[in-house]
Amino acid sequence: MAPSWLSRYLFRSIILVLWFAANFYVVGRFWSAAGLKGKRWIRISLVLVLAALFPVGHWVVGSGAGEWVETALSGMGMFWIGLVSISLSVFLLLDIGWRLTGVASRLLTRTPKWWRGVATGPGRRVWLGAIALVGVLVAWAVVGGHAAPRIRREVIPFAGAHCVGKSLTIAHLSDLHLGKEVGVEAFASMVDQVASLSPDVVVMTGDLLDDVGPHTDEALRELDRLHPPLGIYAVTGNHELYEGPDYFRASMERHGVQVLSQSHVVLPNGVVLAGIDDTHFFSRGKVHAATVAEALDAALAGVAQGGCVVLLSHRPEVALEAAERGVSLVLSGHTHAGQLPPFQIISPWFNGGFLGGLYKVQETVLNVSRGAGTWGPRMRLFAPSEIVFLQMTGVSP
(Lines give C-alpha, C1' and ligand atoms only; values in the text may rest on other atoms or scores of the structure.)
Protein backbone atom coordinates (compact mmCIF):
# COMPACT_ATOMS: atom_id res chain seq x y z
CA MET A 1 0.00 0.00 0.00
CA ALA A 2 1.37 3.42 -1.00
CA PRO A 3 2.20 5.92 1.78
CA SER A 4 -0.54 8.49 2.39
CA TRP A 5 1.70 11.37 1.22
CA LEU A 6 2.36 9.57 -2.07
CA SER A 7 -1.35 8.88 -2.59
CA ARG A 8 -2.14 12.58 -2.00
CA TYR A 9 0.62 13.62 -4.42
CA LEU A 10 -0.63 11.28 -7.14
CA PHE A 11 -4.24 12.36 -6.62
CA ARG A 12 -3.35 16.06 -6.86
CA SER A 13 -1.21 15.41 -9.93
CA ILE A 14 -4.09 13.65 -11.68
CA ILE A 15 -6.48 16.49 -10.78
CA LEU A 16 -3.98 19.04 -12.13
CA VAL A 17 -3.58 17.15 -15.41
CA LEU A 18 -7.36 16.85 -15.82
CA TRP A 19 -7.78 20.56 -15.01
CA PHE A 20 -5.33 21.65 -17.71
CA ALA A 21 -6.87 19.19 -20.20
CA ALA A 22 -10.32 20.66 -19.53
CA ASN A 23 -8.93 24.16 -20.06
CA PHE A 24 -7.34 23.21 -23.40
CA TYR A 25 -10.63 21.68 -24.56
CA VAL A 26 -12.87 24.57 -23.45
CA VAL A 27 -10.59 27.35 -24.70
CA GLY A 28 -10.20 25.49 -27.99
CA ARG A 29 -13.96 25.43 -28.47
CA PHE A 30 -14.28 29.14 -27.67
CA TRP A 31 -11.37 29.87 -30.01
CA SER A 32 -12.92 27.98 -32.92
CA ALA A 33 -16.38 29.47 -32.39
CA ALA A 34 -14.90 32.97 -32.43
CA GLY A 35 -13.24 32.19 -35.75
CA LEU A 36 -9.83 33.11 -34.38
CA LYS A 37 -6.77 32.10 -36.31
CA GLY A 38 -3.23 32.44 -35.17
CA LYS A 39 -0.15 30.66 -34.01
CA ARG A 40 -0.66 27.72 -31.72
CA TRP A 41 1.65 29.16 -29.06
CA ILE A 42 -0.74 32.07 -28.54
CA ARG A 43 -3.61 29.74 -27.70
CA ILE A 44 -1.41 27.54 -25.51
CA SER A 45 -0.15 30.59 -23.61
CA LEU A 46 -3.73 31.78 -23.07
CA VAL A 47 -4.75 28.36 -21.74
CA LEU A 48 -1.82 28.24 -19.33
CA VAL A 49 -2.59 31.72 -17.98
CA LEU A 50 -6.29 31.00 -17.51
CA ALA A 51 -5.72 27.55 -16.01
CA ALA A 52 -3.23 29.05 -13.54
CA LEU A 53 -5.77 31.61 -12.26
CA PHE A 54 -7.23 29.26 -9.67
CA PRO A 55 -4.03 27.75 -8.18
CA VAL A 56 -2.35 31.18 -8.15
CA GLY A 57 -5.45 32.84 -6.67
CA HIS A 58 -5.69 30.11 -4.03
CA TRP A 59 -2.01 30.45 -3.14
CA VAL A 60 -2.02 34.23 -2.94
CA VAL A 61 -4.82 34.37 -0.30
CA GLY A 62 -3.17 35.16 3.01
CA SER A 63 0.23 35.73 1.40
CA GLY A 64 0.32 39.43 2.26
CA ALA A 65 0.09 40.54 -1.35
CA GLY A 66 -2.62 43.03 -0.44
CA GLU A 67 -6.34 42.59 0.07
CA TRP A 68 -7.39 43.88 -3.34
CA VAL A 69 -4.82 41.69 -5.13
CA GLU A 70 -5.88 38.62 -3.15
CA THR A 71 -9.57 39.32 -3.72
CA ALA A 72 -9.15 39.99 -7.46
CA LEU A 73 -6.99 36.93 -8.22
CA SER A 74 -9.03 34.62 -6.01
CA GLY A 75 -12.31 35.88 -7.49
CA MET A 76 -11.13 35.47 -11.08
CA GLY A 77 -9.80 31.99 -10.35
CA MET A 78 -13.05 30.87 -8.73
CA PHE A 79 -15.18 32.31 -11.53
CA TRP A 80 -13.01 30.58 -14.12
CA ILE A 81 -13.56 27.22 -12.39
CA GLY A 82 -17.32 27.70 -12.67
CA LEU A 83 -17.14 28.82 -16.29
CA VAL A 84 -14.94 25.88 -17.29
CA SER A 85 -17.15 23.37 -15.46
CA ILE A 86 -20.35 24.54 -17.15
CA SER A 87 -18.70 25.01 -20.56
CA LEU A 88 -17.16 21.55 -20.38
CA SER A 89 -20.56 19.99 -19.70
CA VAL A 90 -22.32 21.82 -22.56
CA PHE A 91 -19.54 21.33 -25.09
CA LEU A 92 -19.06 17.64 -24.28
CA LEU A 93 -22.77 16.96 -24.63
CA LEU A 94 -22.74 18.68 -28.01
CA ASP A 95 -19.62 16.86 -29.19
CA ILE A 96 -20.85 13.47 -28.01
CA GLY A 97 -24.30 14.05 -29.53
CA TRP A 98 -22.81 14.93 -32.89
CA ARG A 99 -20.52 11.93 -32.87
CA LEU A 100 -23.44 9.65 -32.11
CA THR A 101 -25.32 11.06 -35.09
CA GLY A 102 -22.23 10.34 -37.18
CA VAL A 103 -22.24 6.73 -36.04
CA ALA A 104 -25.96 6.47 -36.78
CA SER A 105 -25.48 7.88 -40.28
CA ARG A 106 -22.87 5.23 -41.06
CA LEU A 107 -25.16 2.48 -39.80
CA LEU A 108 -28.12 3.61 -41.92
CA THR A 109 -27.99 2.48 -45.53
CA ARG A 110 -30.06 5.40 -46.79
CA THR A 111 -29.97 8.78 -45.09
CA PRO A 112 -31.70 12.02 -46.07
CA LYS A 113 -29.54 14.97 -47.09
CA TRP A 114 -30.37 16.97 -43.97
CA TRP A 115 -29.13 14.08 -41.81
CA ARG A 116 -25.84 13.90 -43.68
CA GLY A 117 -25.29 17.58 -42.97
CA VAL A 118 -25.93 17.07 -39.26
CA ALA A 119 -23.58 14.10 -39.11
CA THR A 120 -20.61 16.03 -40.52
CA GLY A 121 -20.26 18.02 -37.29
CA PRO A 122 -21.51 21.22 -35.69
CA GLY A 123 -20.84 24.43 -37.56
CA ARG A 124 -19.79 27.75 -36.15
CA ARG A 125 -23.38 28.91 -35.60
CA VAL A 126 -24.08 25.87 -33.46
CA TRP A 127 -21.01 26.54 -31.35
CA LEU A 128 -22.00 30.18 -30.94
CA GLY A 129 -25.42 28.98 -29.77
CA ALA A 130 -23.71 26.65 -27.30
CA ILE A 131 -21.64 29.56 -25.98
CA ALA A 132 -24.82 31.61 -25.55
CA LEU A 133 -26.33 28.71 -23.57
CA VAL A 134 -23.19 28.62 -21.40
CA GLY A 135 -23.66 32.33 -20.69
CA VAL A 136 -27.26 31.78 -19.58
CA LEU A 137 -26.31 28.83 -17.36
CA VAL A 138 -23.40 30.72 -15.77
CA ALA A 139 -25.73 33.63 -14.92
CA TRP A 140 -28.25 31.17 -13.49
CA ALA A 141 -25.50 29.51 -11.45
CA VAL A 142 -24.32 32.84 -10.03
CA VAL A 143 -27.87 33.64 -8.94
CA GLY A 144 -28.19 30.16 -7.41
CA GLY A 145 -24.88 30.53 -5.58
CA HIS A 146 -25.96 33.78 -3.93
CA ALA A 147 -29.52 32.68 -3.11
CA ALA A 148 -30.54 31.96 0.47
CA PRO A 149 -30.61 28.22 1.27
CA ARG A 150 -33.99 26.60 0.89
CA ILE A 151 -35.51 24.76 3.87
CA ARG A 152 -35.89 21.05 3.14
CA ARG A 153 -38.27 19.43 5.64
CA GLU A 154 -38.17 15.71 6.33
CA VAL A 155 -40.21 13.52 8.70
CA ILE A 156 -38.22 10.45 9.74
CA PRO A 157 -39.45 7.52 11.87
CA PHE A 158 -37.01 6.37 14.56
CA ALA A 159 -36.96 2.57 14.40
CA GLY A 160 -35.38 0.81 17.37
CA ALA A 161 -36.19 -0.88 20.63
CA HIS A 162 -35.16 2.23 22.59
CA CYS A 163 -36.75 4.77 20.21
CA VAL A 164 -40.43 4.23 20.94
CA GLY A 165 -42.03 7.40 22.22
CA LYS A 166 -38.97 9.56 21.57
CA SER A 167 -39.15 12.63 19.34
CA LEU A 168 -36.62 15.22 18.23
CA THR A 169 -36.38 18.12 15.79
CA ILE A 170 -33.00 18.87 14.25
CA ALA A 171 -31.74 21.75 12.13
CA HIS A 172 -28.95 20.28 9.99
CA LEU A 173 -26.32 22.60 8.51
CA SER A 174 -23.35 21.46 6.46
CA ASP A 175 -20.63 22.80 4.18
CA LEU A 176 -21.03 26.50 4.90
CA HIS A 177 -17.41 27.28 3.94
CA LEU A 178 -17.37 30.54 5.86
CA GLY A 179 -14.69 32.85 4.50
CA LYS A 180 -14.35 35.72 2.11
CA GLU A 181 -16.92 34.34 -0.32
CA VAL A 182 -19.57 33.21 2.18
CA GLY A 183 -19.23 35.90 4.81
CA VAL A 184 -20.96 37.55 7.75
CA GLU A 185 -24.06 38.73 5.93
CA ALA A 186 -24.76 35.35 4.34
CA PHE A 187 -24.20 33.47 7.59
CA ALA A 188 -26.36 35.91 9.58
CA SER A 189 -29.20 35.20 7.16
CA MET A 190 -28.73 31.44 7.64
CA VAL A 191 -28.79 31.86 11.42
CA ASP A 192 -32.08 33.75 11.07
CA GLN A 193 -33.49 30.86 9.04
CA VAL A 194 -32.40 28.28 11.61
CA ALA A 195 -33.76 30.32 14.52
CA SER A 196 -37.14 30.61 12.78
CA LEU A 197 -37.42 26.80 12.77
CA SER A 198 -37.13 26.56 16.60
CA PRO A 199 -35.37 23.16 16.52
CA ASP A 200 -34.58 21.12 19.62
CA VAL A 201 -30.96 20.81 18.51
CA VAL A 202 -28.70 22.30 15.83
CA VAL A 203 -25.99 20.17 14.19
CA MET A 204 -23.22 21.07 11.75
CA THR A 205 -21.59 18.25 9.79
CA GLY A 206 -18.26 19.72 8.76
CA ASP A 207 -16.65 22.19 6.38
CA LEU A 208 -17.88 25.13 8.40
CA LEU A 209 -14.67 27.08 7.70
CA ASP A 210 -12.75 28.29 4.66
CA ASP A 211 -10.10 31.04 4.28
CA VAL A 212 -9.74 31.58 8.04
CA GLY A 213 -9.13 35.16 9.12
CA PRO A 214 -10.67 38.05 11.08
CA HIS A 215 -13.73 37.84 8.82
CA THR A 216 -14.25 34.25 10.02
CA ASP A 217 -14.26 35.28 13.68
CA GLU A 218 -16.84 37.96 12.89
CA ALA A 219 -19.08 35.49 11.09
CA LEU A 220 -18.87 32.87 13.84
CA ARG A 221 -20.16 35.39 16.39
CA GLU A 222 -23.55 34.94 14.72
CA LEU A 223 -23.72 31.53 16.42
CA ASP A 224 -24.26 33.33 19.72
CA ARG A 225 -27.79 34.17 18.55
CA LEU A 226 -28.81 30.50 18.43
CA HIS A 227 -30.25 29.00 21.63
CA PRO A 228 -31.76 25.58 20.87
CA PRO A 229 -32.89 23.90 24.12
CA LEU A 230 -30.76 20.76 23.59
CA GLY A 231 -27.65 22.53 22.31
CA ILE A 232 -25.48 22.94 19.20
CA TYR A 233 -23.13 20.18 18.06
CA ALA A 234 -20.57 19.88 15.28
CA VAL A 235 -18.05 17.52 13.71
CA THR A 236 -15.02 18.28 11.57
CA GLY A 237 -14.87 18.15 7.79
CA ASN A 238 -11.83 17.94 5.57
CA HIS A 239 -11.61 21.75 5.42
CA GLU A 240 -11.27 21.95 9.21
CA LEU A 241 -8.08 19.92 8.76
CA TYR A 242 -6.82 22.31 6.08
CA GLU A 243 -7.74 25.46 8.01
CA GLY A 244 -6.60 24.26 11.44
CA PRO A 245 -8.47 21.83 13.71
CA ASP A 246 -7.27 23.58 16.89
CA TYR A 247 -8.68 26.90 15.68
CA PHE A 248 -11.96 25.19 14.80
CA ARG A 249 -12.36 23.49 18.17
CA ALA A 250 -11.42 26.64 20.10
CA SER A 251 -13.85 28.71 18.02
CA MET A 252 -16.66 26.25 18.57
CA GLU A 253 -16.06 26.13 22.32
CA ARG A 254 -16.00 29.94 22.44
CA HIS A 255 -19.46 30.08 20.87
CA GLY A 256 -21.06 27.29 22.87
CA VAL A 257 -20.82 24.54 20.24
CA GLN A 258 -19.77 21.06 21.38
CA VAL A 259 -17.52 19.25 18.94
CA LEU A 260 -18.06 15.48 18.86
CA SER A 261 -14.80 13.68 18.09
CA GLN A 262 -15.20 9.88 18.28
CA SER A 263 -17.61 10.54 21.15
CA HIS A 264 -21.29 10.84 22.00
CA VAL A 265 -23.70 12.60 24.33
CA VAL A 266 -27.05 11.42 25.63
CA LEU A 267 -29.70 14.09 25.17
CA PRO A 268 -32.31 14.65 27.94
CA ASN A 269 -34.91 12.75 25.91
CA GLY A 270 -32.66 9.67 25.74
CA VAL A 271 -31.53 10.07 22.12
CA VAL A 272 -27.82 9.38 21.66
CA LEU A 273 -26.03 11.97 19.53
CA ALA A 274 -22.64 10.69 18.32
CA GLY A 275 -20.01 12.15 16.02
CA ILE A 276 -16.73 11.26 14.34
CA ASP A 277 -14.02 13.32 12.68
CA ASP A 278 -13.60 13.50 8.93
CA THR A 279 -11.76 10.49 7.51
CA HIS A 280 -8.84 12.73 6.45
CA PHE A 281 -8.00 13.00 10.16
CA PHE A 282 -7.55 9.21 10.31
CA SER A 283 -5.30 8.90 7.26
CA ARG A 284 -3.07 11.75 8.45
CA GLY A 285 -2.73 10.56 12.02
CA LYS A 286 -4.47 13.57 13.58
CA VAL A 287 -6.64 11.49 15.92
CA HIS A 288 -6.26 8.16 17.73
CA ALA A 289 -8.60 6.30 15.37
CA ALA A 290 -6.98 4.92 12.21
CA THR A 291 -10.10 3.73 10.41
CA VAL A 292 -13.81 4.50 10.21
CA ALA A 293 -14.51 1.24 12.08
CA GLU A 294 -12.26 2.29 14.98
CA ALA A 295 -13.82 5.77 15.05
CA LEU A 296 -17.35 4.34 15.16
CA ASP A 297 -16.43 1.86 17.89
CA ALA A 298 -15.01 4.72 19.99
CA ALA A 299 -17.98 7.01 19.31
CA LEU A 300 -20.52 4.34 20.24
CA ALA A 301 -18.65 2.86 23.20
CA GLY A 302 -21.11 2.23 26.04
CA VAL A 303 -24.21 2.73 23.86
CA ALA A 304 -26.72 -0.07 24.33
CA GLN A 305 -27.51 -2.31 21.37
CA GLY A 306 -30.65 -1.01 19.68
CA GLY A 307 -30.11 2.44 21.15
CA CYS A 308 -31.71 5.43 19.49
CA VAL A 309 -28.57 6.84 17.82
CA VAL A 310 -28.05 9.84 15.55
CA LEU A 311 -24.55 9.92 14.06
CA LEU A 312 -22.86 13.03 12.67
CA SER A 313 -20.27 12.36 9.96
CA HIS A 314 -19.01 14.70 7.29
CA ARG A 315 -18.77 11.96 4.66
CA PRO A 316 -21.89 10.00 3.70
CA GLU A 317 -20.16 6.71 2.92
CA VAL A 318 -19.64 6.25 6.67
CA ALA A 319 -23.32 5.21 6.74
CA LEU A 320 -22.36 1.90 5.13
CA GLU A 321 -20.47 0.90 8.29
CA ALA A 322 -22.77 2.75 10.68
CA ALA A 323 -25.69 0.62 9.43
CA GLU A 324 -23.83 -2.51 10.56
CA ARG A 325 -23.84 -1.08 14.09
CA GLY A 326 -27.58 -0.36 14.15
CA VAL A 327 -27.35 3.44 14.00
CA SER A 328 -30.83 4.92 13.49
CA LEU A 329 -29.89 8.04 11.52
CA VAL A 330 -26.70 9.38 9.89
CA LEU A 331 -26.40 13.09 9.07
CA SER A 332 -23.69 14.06 6.60
CA GLY A 333 -22.70 16.46 3.84
CA HIS A 334 -19.49 16.92 1.83
CA THR A 335 -20.95 16.32 -1.65
CA HIS A 336 -22.62 19.74 -2.23
CA ALA A 337 -24.86 17.58 -4.48
CA GLY A 338 -22.22 18.25 -7.12
CA GLN A 339 -22.74 22.05 -6.92
CA LEU A 340 -22.07 22.42 -10.67
CA PRO A 341 -22.20 20.10 -13.66
CA PRO A 342 -20.52 17.78 -14.47
CA PHE A 343 -19.86 17.04 -10.78
CA GLN A 344 -23.41 15.77 -10.22
CA ILE A 345 -22.27 12.76 -12.24
CA ILE A 346 -18.76 12.49 -10.80
CA SER A 347 -19.42 13.09 -7.08
CA PRO A 348 -21.26 9.82 -6.26
CA TRP A 349 -18.23 7.83 -7.49
CA PHE A 350 -16.18 9.21 -4.60
CA ASN A 351 -18.90 9.26 -1.93
CA GLY A 352 -20.25 5.75 -1.68
CA GLY A 353 -22.81 6.34 -4.44
CA PHE A 354 -24.53 9.16 -2.52
CA LEU A 355 -25.21 12.67 -3.84
CA GLY A 356 -27.89 14.47 -1.81
CA GLY A 357 -31.17 13.85 -0.01
CA LEU A 358 -32.50 10.86 1.93
CA TYR A 359 -31.28 7.28 1.53
CA LYS A 360 -31.99 3.98 3.28
CA VAL A 361 -28.93 1.87 4.11
CA GLN A 362 -30.25 -1.38 5.54
CA GLU A 363 -32.35 -0.11 8.48
CA THR A 364 -30.39 3.14 8.81
CA VAL A 365 -31.67 6.40 7.37
CA LEU A 366 -28.99 8.61 5.78
CA ASN A 367 -29.51 12.30 5.15
CA VAL A 368 -26.94 13.89 2.85
CA SER A 369 -27.15 17.68 3.00
CA ARG A 370 -26.59 19.50 -0.28
CA GLY A 371 -24.78 22.15 1.75
CA ALA A 372 -25.72 25.64 2.85
CA GLY A 373 -22.72 27.38 1.27
CA THR A 374 -20.43 26.94 -1.70
CA TRP A 375 -16.81 25.97 -2.25
CA GLY A 376 -14.79 27.57 -5.02
CA PRO A 377 -17.00 29.65 -7.26
CA ARG A 378 -20.04 31.24 -5.62
CA MET A 379 -22.21 29.30 -8.06
CA ARG A 380 -24.78 26.52 -7.88
CA LEU A 381 -26.56 24.90 -10.82
CA PHE A 382 -29.13 22.09 -10.47
CA ALA A 383 -27.96 21.72 -6.84
CA PRO A 384 -29.64 24.37 -4.65
CA SER A 385 -28.17 25.08 -1.22
CA GLU A 386 -30.25 23.97 1.73
CA ILE A 387 -30.82 23.81 5.46
CA VAL A 388 -32.49 20.56 6.49
CA PHE A 389 -35.16 20.46 9.20
CA LEU A 390 -35.78 16.92 10.44
CA GLN A 391 -38.75 15.89 12.57
CA MET A 392 -38.14 12.52 14.15
CA THR A 393 -40.59 10.27 15.98
CA GLY A 394 -39.88 6.89 17.55
CA VAL A 395 -41.85 3.91 16.25
CA SER A 396 -41.94 0.22 17.15
CA PRO A 397 -39.26 -1.79 15.35
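For the structure, see preceding data.
To start, this report covers the structure provided alongside it. The model shown is predicted, which means the values in this text are computed figures rather than measured ones.

Thresholds applied
- Residues numbered from 1 in each chain as written.
- Predicted model: local features only at pLDDT ≥ 70, side-chain atom pairs only at ≥ 80, totals over all residues.
- Heavy atoms only, no water.
- Phe/Tyr/Trp six-rings, centres within 6.5 Å; stacked < 30°, edge-to-face > 60°.
- Helix = DSSP H or I, 4+ residues; strand = E, 2+ residues; numbered from the N terminus.
- Buried < 20%, exposed > 50% of the residue type's maximum accessible area, 1.4 Å probe, protein only.
- Pairing = 2+ DSSP bridges.
- Axes fitted to C-alpha atoms, helices over the stretch in contact; angles between N-to-C directions.
- Core = buried A, V, L, I, M, F, W, Y, C linked by side-chain atoms within 4.5 Å.
- Contact = heavy atoms within 4.5 Å.
- Polar contact = N/O pair within 3.5 Å; in protein donor to acceptor, adjacent residues only side chain to side chain.
- Right-handed = clockwise from strand over helix to strand, strands pointing away.

1. Observations concerning the packing of aromatic side chains
Inference 1: Taken as a whole and judged by the stated rule, the model has five aromatic pairs.
Inference 2: Seen in terms of ring centroids, Phe91 and Trp127 are 5.5 Å apart; in terms of plane orientation they differ by 85 degrees. Their pairing is edge-to-face. You can see Phe91 sitting in helix α3 (residues 67-107) and its partner Trp127 sitting in helix α5 (residues 124-146), a full 36 residues away along the chain.
Inference 3: A relative accessible area of 0% means that Phe91 is categorised as buried.
Inference 4: By relative accessible area, which is 7% here, Trp127 ends up buried.

2. Describing the sheet that holds strand β8 (residues 309-312)
Inference 1: In space, the six strands of this open sheet follow the order β6-β7-β8-β9-β11-β10, with mixed pairing throughout. Edge positions in the sheet fall to β6 (263-266) and β10 (357-361), since each has one partner strand and no second. Sheet twist, expressed as the mean angle between neighbouring strand axes with direction ignored, is 20 degrees.
Inference 2: Note that β10 and strand β11 (residues 364-368) share five bridges and pair antiparallel. What sits directly across from Tyr359, in β11, is Leu366.

3. Quick look at the nonpolar core
Inference 1: If you look at the biggest cluster of nonpolar residues, it comprises 30 residues, and the most contacted ones within it are Trp80, Ile86, Phe91 and Val134.
Inference 2: Those elements giving two or more residues to this core turn out to be α1 (4-33), α2 (40-60), α3 and α5.
Inference 3: The leading source of residues in this core is α3, at 11 residues.
Inference 4: Residues Leu178, Leu226, Ala234 and Ala372 belong to the second largest nonpolar core, which totals 27 residues.

4. Structural notes on the environment of Glu386
Inference 1: Of note, Glu386 is situated in strand β12 (residues 386-395).
Inference 2: Considered as a pair, Glu386 and Leu311 are 75 residues apart in the sequence and their alpha carbons are 20 Å apart.
Inference 3: Residue contacts for Glu386: discarding those within four places in its chain leaves Pro149, Arg150, Arg152, Val368, Ser369, Arg370, Gly371 and Ala372.
Inference 4: At a separation of 2.8 Å, a polar atom in the side chain of Glu386 contacts the side chain of Arg152.
Inference 5: Here Arg370 takes part through its backbone nitrogen, which lies 2.9 Å from a polar atom of the side chain of Glu386.

5. Overview of the pairing of strand β3 (residues 201-205)
Every other side chain in a regular strand lies on the same face of the sheet, so the side chains alternate between the two faces.
Inference 1: Taken across its five residues, β3 has five buried, putting it largely inside the fold.
Inference 2: Of the two faces of β3, the one lined by Val201, Val203 and Thr205 and the one lined by Val202 and Met204 are each fully buried.
Inference 3: Relative to β3, strand β2 (residues 167-173) runs parallel, the two sharing four bridges. Directly across from Ala171, in β3, lies its bridge partner Val202.
Inference 4: This β-α-β element, β2 to helix α6 (residues 184-197) to β3, shows right-handed connectivity.
Inference 5: Pairing of β3 with strand β4 (residues 232-235), which is carried by four bridges, proceeds in the parallel orientation. Directly across from Val203, in β4, lies its bridge partner Tyr233.
Inference 6: One crossover worth recording links β3 to the parallel β4 by way of helix α7 (residues 214-220), and it is right-handed.

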